[in-house]
Amino acid sequence: MTQVSIASLIQGAISGDYIVSFPTDTVPALAARPDRSELIFAAKRRSQDKPLILMAASARALWPYVQGSPAELKLWQQVGESYWPGALTLVLPASAKVPAAMNLIDPTTIGVRVPNLPLALKILEQTGPLATTSANLSGQPPLESVAEIEAQFPEVLTLVPSELTAATASSLPSTVAKWTGSDWKILRQGTIELEC
């Protein structure tokens, strides 16, 4: 059994020794310290051409991981204020702070998101930004329960049932919008309609 308390799950993530799983406002996440991204790729049997998303408890925690002109940063911050916390992932130019392993196929960009779920925010406030992806083997549908996640990923730390609050999550993934240098390109339409 890998079910642990919130405190133990947070410590496991901070240590860098474990992948952790927690609910979000979309599908449950697998998460690890950004510099230990390889753990997620190995566990999911995920192709290196599918980047991970950097998730944090606040937009402020994410901005050091991106780089752009003052005008771009202002625009991105406005979008973040409008839609976060929420099911919107912004793909932006990555700063040197982003480990290349998070996006081996294009280390110049990073997807960033602030989830709209108090439990996820509570965890991320204490761990700092984490590399995340949906909880499933690559190419398979996202897993939705702790039991399913434990069965497929016995080494992943999950929360004991008493720590899980009844949360309304969407089974739809986040909308993914990439900054092209002048505008947004929708890479995946999810629950949020981005007003470009």
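Figured I'd write up the structure that's included with this text. (Residues numbered from 1 in each chain as written. Predicted model: local features only at pLDDT ≥ 70, side-chain atom pairs only at ≥ 80, totals over all residues. Heavy atoms only, no water.)

1. Focus on the overall build of the chain
Then, number 1: Along the chain, the regular secondary structure elements total six helices and ten strands.
Then, number 2: Here the C-alpha atoms of the chain give a radius of gyration of 16 Å, agreeing with the 16 Å that 2.2 N^0.38 yields for 196 residues.
Then, number 3: Within the chain, buried positions represent 48% of all 196 residues.
Then, number 4: Taking as baseline every contact in the chain between residues at least 6 positions apart, the subset at least 24 positions apart corresponds to 67%.
Then, number 5: Within the chain, the 17 negative side-chain charges are centred at a point lying 4 Å from the centre of the 14 positive side-chain charges. (Helix = DSSP H or I, 4+ residues; strand = E, 2+ residues; numbered from the N terminus. Rg over C-alpha atoms; globule rule 2.2 N^0.38 Å. Buried < 20%, exposed > 50% of the residue type's maximum accessible area, 1.4 Å probe, protein only. Contact = heavy atoms within 4.5 Å. Lys, Arg positive; Asp, Glu negative; His and termini not counted. Charge placed at Lys NZ, Arg CZ, Asp CG, Glu CD.)

2. Some details on the sheet that holds strand E2 (residues 20-22)
Then, number 1: If you walk across this open sheet you meet the eight strands as E2-E3-E7-E4-E6-E5-E9-E10, and the pairing is mixed. The open sheet terminates on both sides in strands that have one partner only, identified here as E2 and strand E10 (184-188). Pairwise comparison of adjacent strand axes, ignoring direction, gives a mean angle of 35° for this sheet.
Then, number 2: Pairing between strand E3 (residues 29-32) and strand E7 (residues 130-134): four bridges, direction antiparallel. Of the residues in E7, the one forming a bridge with Leu30 is Thr133.
Then, number 3: Helix-sheet contacts for helix H1 (residues 6-15) involve E2 and E7, and the interaxial angle to E2 is about 135°.
Then, number 4: In the packing of helix H5 (residues 118-127) onto the sheet, the strands contacted are E2, strand E4 (53-55) and E7, and the crossing angle to E2 comes to about 145°. (Pairing = 2+ DSSP bridges. Axes fitted to C-alpha atoms, helices over the stretch in contact; angles between N-to-C directions.)

3. Focus on H5
Then, number 1: When we look at burial in H5, the residues that qualify are Leu119, Ala120, Leu121, Ile123, Leu124 and Thr127.
Then, number 2: Tucked into the core, H5 has its buried residues touching H1, E2, E4, E7 and strand E8 (158-159).
Then, number 3: One or two steps after H5, the chain reaches Gly128, where phi turns positive at roughly 80°.

4. Let's talk about the nonpolar core
Then, number 1: Leu88, Leu90, Leu92, Val112 and Trp184 are the most contacted members of the largest nonpolar core, which has 40 residues in total.
Then, number 2: Looking at this core, the elements with two or more residues in it are E3, helix H2 (38-44), helix H4 (70-83), strand E5 (88-93), strand E6 (109-113) and strand E9 (175-179).
Then, number 3: Leaving out residues up to four positions away in the same chain, Leu88 has contacts with Val79, Tyr83, Val112, Arg113, Ser174, Thr175, Ala177, Ile192 and Leu194.
Then, number 4: In this structure, Ile6, Ile10, Ala31 and Leu117 belong to the second largest nonpolar core, which totals 18 residues. (Core = buried A, V, L, I, M, F, W, Y, C linked by side-chain atoms within 4.5 Å.)

5. Let's talk about the layout of surface pockets
The gaps left among the atoms become clear once a water-sized probe is rolled over them.
Then, number 1: One number sums up the size of the largest pocket: a volume of about 770 Å³.
Then, number 2: Along its surface, the largest pocket is lined by 37 residues, and Arg46, Pro51, Ile53, Val176 and Arg188 are the ones closest to its centre.
Then, number 3: Sorting the residues of the lining of the largest pocket by element identifies E4, E5, E6, E7, E9 and E10 as the ones contributing at least two each.
Then, number 4: Tallied by class, residues from the lining of the largest pocket come to 14 nonpolar, 15 polar and eight charged. (1 Å grid on protein atoms, 1.4 Å probe; cavity = no way out; pocket = protein on both sides within 12 Å on 5 of 7 lines; lining within 4 Å. Points joined across faces, edges and corners; volume = space filled by probe spheres on them. Nonpolar A, V, L, I, M, F, W, Y, C, P; charged D, E, K, R; others polar.)

6. Here's the deal with H1
Quick reminder: α-helices carry 3.6 residues per turn. Residues three or four places apart thus point the same way.
Then, number 1: Taken residue by residue, H1 has Ile6, Leu9, Ile10, Gly12 and Ala13 as its buried positions. Along H1, the residues classed as buried sweep out an arc of 160° about the axis, all on the same side. Facing away from the buried side of H1 by more than 90 degrees, the exposed set consists of Ala7 and Gln11.
Then, number 2: Looking at the buried side of H1, the elements it contacts are strand E1 (3-4), E2, H5, E7 and E8.
Then, number 3: A positive backbone phi angle near 85° is found at Gly16, which sits one or two residues after H1. (Arc of directions from axis to C-beta.)

7. Some details on the environment of Gly12
Then, number 1: In this structure, Gly12 sits in helix H1.
Then, number 2: The spatial distance from the C-alpha of Gly12 to the C-alpha of Thr127 is 9.4 Å, given a sequence separation of 115 residues.
Then, number 3: Ignoring anything within four residues of it in the chain, the contact list for Gly12 reads Asp17, Tyr18, Val20 and Leu157.

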